[in-house]
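Breakdown of the fold
For reference, the chains in residue letters:
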Amino acid sequence: MPRPAPPPHARFAPAPSVRSAHEGDAAALAELSRPFVLSGALRERPLPLYAARAAEFLVSAAPEGPLEGCVGLRVYPAGPGEGGGPAGVLYNFCVAGHRQGHGVGAGLLRAALAMAHARSLGALFTATTGGGGLFLRYGFTPAAAGLAPPSWVESLDPRRNARILARSL
């Protein structure tokens, strides 16, 4: 079956690539996240934190272009008496408004899942104040807070009413 032609604006747009972030991306990570912080979808993180945790981020960018999306993957070791090995938490997941609906988020999530598999994580968790549709399409399901890394759960702001989603790997 023939594939439909891409929309005219997509024919000439370079394909975004996903790569690991580096400390020099800190300002761009903060800038990309700012609209989501202002909307209440993300909590504010200071620039030095983005720099210190840059290695935890995957970013998406068109060749020679600005960052179009990012997601952090933080690894938590299994606690005493916990089975299943270490777990990961996806955080600060955002895609620039003009790139939403163009596969940037899906590409980032696929790359994060591949990284989690490569690190032999037992599960991935995330918290969302939105619908979580992309996560649900990739096999995440609502989860009880008691299943997630305790220090991460304690860091969640209860006033945000975030829903915890998880996926076994």
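Given the structure is predicted, the values throughout are model-derived calculations rather than measurements. (Residues numbered from 1 in each chain as written. Predicted model: local features only at pLDDT ≥ 70, side-chain atom pairs only at ≥ 80, totals over all residues. Heavy atoms only, no water.)

**Looking at the packing of aromatic side chains**
For clarity, the cut-off: Geometry of aromatic contacts follows a simple scheme: Phe, Tyr and Trp rings, the Trp one being its six-membered ring, pair when their centres are within 6.5 Å, and the pair is stacked under 30 degrees between planes, edge-to-face over 60, tilted otherwise. By the criteria applied, helices consist of DSSP H or I runs no shorter than four residues and strands consist of E runs no shorter than two, each listed in order from the N terminus. Exposed residues in this analysis have more than 50% of their type's maximum accessible area, buried residues have under 20%, and partly exposed residues fall in between, with area computed by a 1.4 Å probe over protein chains only.
All told, the structure shown has five aromatic pairs when counted by the stated rule. Consider the rings of Phe93 and Phe135, whose centres lie 5.5 Å apart with planes at 80°: the pair is edge-to-face. Of this pair, Phe93 sits in strand S4 (residues 87-95) while Phe135 sits in helix H5 (residues 133-137), placing them 42 residues apart in sequence. Classification of Phe93 by relative accessible area gives buried; the value is 18%. What makes Phe135 buried here is its relative accessible area of 9%. An aromatic cluster of three or more residues is present, and its members are Tyr50, Phe57 and Tyr91.

**Section: the pattern of salt bridges**
Inclusion rule: The term salt bridge refers to a pairing of a side-chain nitrogen on Lys or Arg with a carboxyl oxygen on Asp or Glu at a separation within 4 Å.
Taken as a whole, this structure holds five salt bridges when the rule is applied. Arg19 serves as the salt-bridge partner of Asp25, at 2.8 Å between the closest nitrogen and oxygen. Take Asp25: its relative accessible area is 7%, and that puts it in the buried class.

**Concerning the sheet that holds S4**
Definition in use: At least two DSSP bridges between two strands are needed for those strands to be called paired. In this analysis, two residues are considered to be in contact whenever any of their non-hydrogen atoms come within 4.5 Å of each other. Whenever a helix is involved, its axis is fitted only over the stretch in contact; in every case the axis is a line through C-alpha atoms, and angles between N-to-C directions fall within 0 to 180 degrees.
Judged by pairing direction, the sheet is mixed, and its seven strands sit side by side in the order S1-S2-S3-S4-S5-S7-S6 without closing on themselves. Looking along the sheet, the strands with just one partner apiece sit at the ends: strand S1 (17-20) and strand S6 (141-142). Inspection of the sheet shows S6 paired to strand S7 (residues 163-168) by two bridges, in the antiparallel sense. Residue pairing for S7: Pro142 is matched across the bridge by Leu165. Running over the sheet, helix H4 (residues 104-118) touches S1, strand S2 (57-61), strand S3 (67-76), S4, strand S5 (123-128) and S7 and is turned about 25° from S3.

Shape is all these values report; function is a separate question.
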